[in-house]
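As a plain string of letters, each chain reads:
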Amino acid sequence: MSSGNEDTTSSSESEQSDSANDTLDFIEKLSDVPMGKLPPHIDFQRTRVDCKADAPIHTDTFQYSGAYASMGVDNSLLDSFSSKFRVEVIRLEKDEMEFDMIGIDPAIANAFRRILIAEVPTMAIERVLIANNTSVIQDEVLSHRLGLIPIKADPRLFEFTENNTANEKNTIVFGLKVRCEKQGKRKGPKREGQEQDGQTRITVKSKDLVWLPNGSNFTLESDGSTYTSFSCSQDSMPEFATNPVGPTDGDITIARLGPGQEIELEALAVKGIGKTHAKWSPVAPAWYRMLPEVIVLKDIEDEMAEKLVATCPVKVFDIEDIGNGKKKATVARARKCTLCRECIREGKGWDDSLSLRRVKDHFIFTIESTGVLPPEVLFTEAVKILQDKCERAINDIC
């Protein structure tokens, strides 16, 4: 019995030894790992998100410096950021801006987005002094609607309010006094909703808000002073000579008044940030997406090419005539690709011929301003705020 066990044991040890030798031979035959440069498949995983028909893969980012130290590759963020980062403006309109942020980490791109939404200051109505409101809208709802009207005023010219002291440096005052006369002969210019010989109802809009550069006209019962303490008129300041203050859009509906109804109030706008309340947010909205890449791996020709062009909902592909009556599909507008993956859901007919990707360090950023400031100014202010945050963090560490 013992002799049989010894034979079995020696046979097992011999097999393990042969397996170990085979493994060593395989490892010795492998080519040396290139130092100072990543292999193509690892570099692809590092820089691209591969969008398959069922789900994207390689979505993680590796931004710490020692990620590829064994291959002699320095992956530190600061070096790559300083050498590769750039901004390219693609489209600039009055209230909208589209630009590319290249060579940046997703966390930093998201930091810009959050700062634009929540930390760039603007002016918005915070206090509403209602003298008379006989409309069907409650005072609280009316005040809320007024607060959400974007105010076209440069917040950099104003200070944050302290101790609730309203003065010409931190407060803008608007007056609103509108009345719908009862049925009868119409007086004055015709307004929206009025009949020729009578007034059925009128619509109160943001254009009815009148800027009061001298401050509030309402007085306190206690001492007869006004609710604001302006030392000078705001329209005498050179900053407002060419930029009068008012709502960004005069066609925003505030309320509708029936015969005999009236609204009389004053609204005080102050400086604030979106983190406190959404009415101070200067964008509507701000978002980004990774740059899409559409790669044709194999030629898609004739009927398959026409089917591919018809399948794409955003018309990424076009037909190119290659002669002899043959046609093939080409990528014409890769930037428009939403990665809906309709083009690769047909199975092996197309998923072997197309590769859909996203570039991990290339972001298409879009800013839609509410009109309080131009979008390019908003982005500049966001950069300054992020710079201040970094400086404070460095000072705290040192």
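Residues numbered from 1 in each chain as written. Predicted model: local features only at pLDDT ≥ 70, side-chain atom pairs only at ≥ 80, totals over all residues. Heavy atoms only, no water.

K.L.:
Which residues make up the environment of Cys51, and what are the values?
P.N.:
Within the secondary structure, Cys51 sits in strand S1 (residues 48-51). Accessibility expressed as a relative area gives 6% for Cys51, which makes it buried. Distance in space between the C-alpha atoms of Cys51 and Glu293 is 9.9 Å, their sequence separation being 242 residues. Setting aside residues up to four positions removed in sequence, Cys51 forms contacts with Pro56, Leu339, Arg341, Ile344 and Leu356. (Helix = DSSP H or I, 4+ residues; strand = E, 2+ residues; numbered from the N terminus. Buried < 20%, exposed > 50% of the residue type's maximum accessible area, 1.4 Å probe, protein only. Contact = heavy atoms within 4.5 Å.)

K.L.:
Lay out helix H4 (residues 106-118) with the relevant residues and their values.
P.N.:
Along its 13 residues, H4 runs 18 Å from first to last C-alpha, staying within 8% of the 18 Å computed at 1.5 Å per residue. Buried within H4 are the following residues: Pro106, Ala109, Phe112, Ile115, Leu116 and Ala118. Buried residues belonging to H4 abut strand S4 (96-102), strand S13 (283-296), strand S16 (354-369) and helix H8 (375-397). Between the side-chain oxygen at the start of H4 and the backbone nitrogen of Ala107 there is a gap of 3.0 Å, and the oxygen is on Asp105. (Expected span 1.5 Å × (residues − 1). Polar contact = N/O pair within 3.5 Å; in protein donor to acceptor, adjacent residues only side chain to side chain.)

K.L.:
Account for the state of the cysteines, with residues named and values stated.
P.N.:
Applying the stated criterion across every chain, the model contains zero disulfides. Here Cys340 stays free of any disulfide, with the sulfur of Cys312 as its closest cysteine sulfur at 6.0 Å. (Disulfide = S-S within 2.5 Å.)

K.L.:
Could you give an account of the packing of aromatic side chains, with specific residues and numbers?
P.N.:
Aromatic rings considered in pairs are described by the distance between their centres and by the relative angle of their planes. What the rule picks out here adds up to seven aromatic pairs. Centroid distance Phe99 to Phe365: 5.3 Å. Interplanar angle 15 degrees. Geometry classified as stacked. Linking Phe99 in strand S4 with Phe365 in strand S16, this pair joins segments that are 266 residues apart in sequence. By relative accessible area, which is 0% here, Phe99 ends up buried. We classify Phe365 as buried; its relative accessible area is 0%. Ring plane angle 25 degrees and centroid distance 5.8 Å describe the contact between Tyr288 and Phe365, whose orientation is recorded as stacked. With Tyr288 in strand S13 and Phe365 in strand S16, this residue pair connects regions lying 77 residues apart in the sequence. When its relative accessible area of 25% is taken as the criterion, Tyr288 is described as partly exposed. An aromatic cluster is built from Phe99, Phe112, Tyr288, Phe363, Phe365 and Phe379, whose rings are joined through pairwise contacts. For Lys279, the ring lying beneath its charged end belongs to Trp280, and the centroid distance is 4.9 Å. (Phe/Tyr/Trp six-rings, centres within 6.5 Å; stacked < 30°, edge-to-face > 60°. Lys NZ or Arg CZ within 6 Å of the ring centre and 35° of its normal.)

K.L.:
Mind laying out the pairing of strand S3 (residues 86-92), listing which residues take part and the relevant values?
P.N.:
Direction of pairing for S3 relative to S4: antiparallel, over a ladder of six bridges. Opposite Arg91, over in S4, you have Glu98 as the bridge partner. Between S3 and S4, which pair antiparallel one after the other, the connecting turn spans three residues. (Pairing = 2+ DSSP bridges.)

K.L.:
Please give an account of the packing of H4 against H8 that cites residues and values.
P.N.:
The interhelical angle for the contact between H4 and H8, taken along N-to-C directions, is 110 degrees, at an axis separation of 9 Å. Of the possible angle classes, the one that applies to H4 and H8 is roughly perpendicular. For the element pair H4 and H8, the recorded crossing hand is right-handed. Contacts from Ile108, Phe112, Ile115 and Leu116 of H4 reach H8 at Leu378, Phe379, Ala382, Val383, Ile385, Leu386 and Lys389. Residues of the contact of H4 with H8, tallied by class, amount to ten nonpolar, no polar and one charged. (Axes fitted to C-alpha atoms, helices over the stretch in contact; angles between N-to-C directions. Parallel < 35°, antiparallel > 145°, perpendicular 65-115°, else oblique. Left-handed = near helix turned anticlockwise from the far one by under 90°. Nonpolar A, V, L, I, M, F, W, Y, C, P; charged D, E, K, R; others polar.)

None of this, on its own, says anything about what the molecule does.
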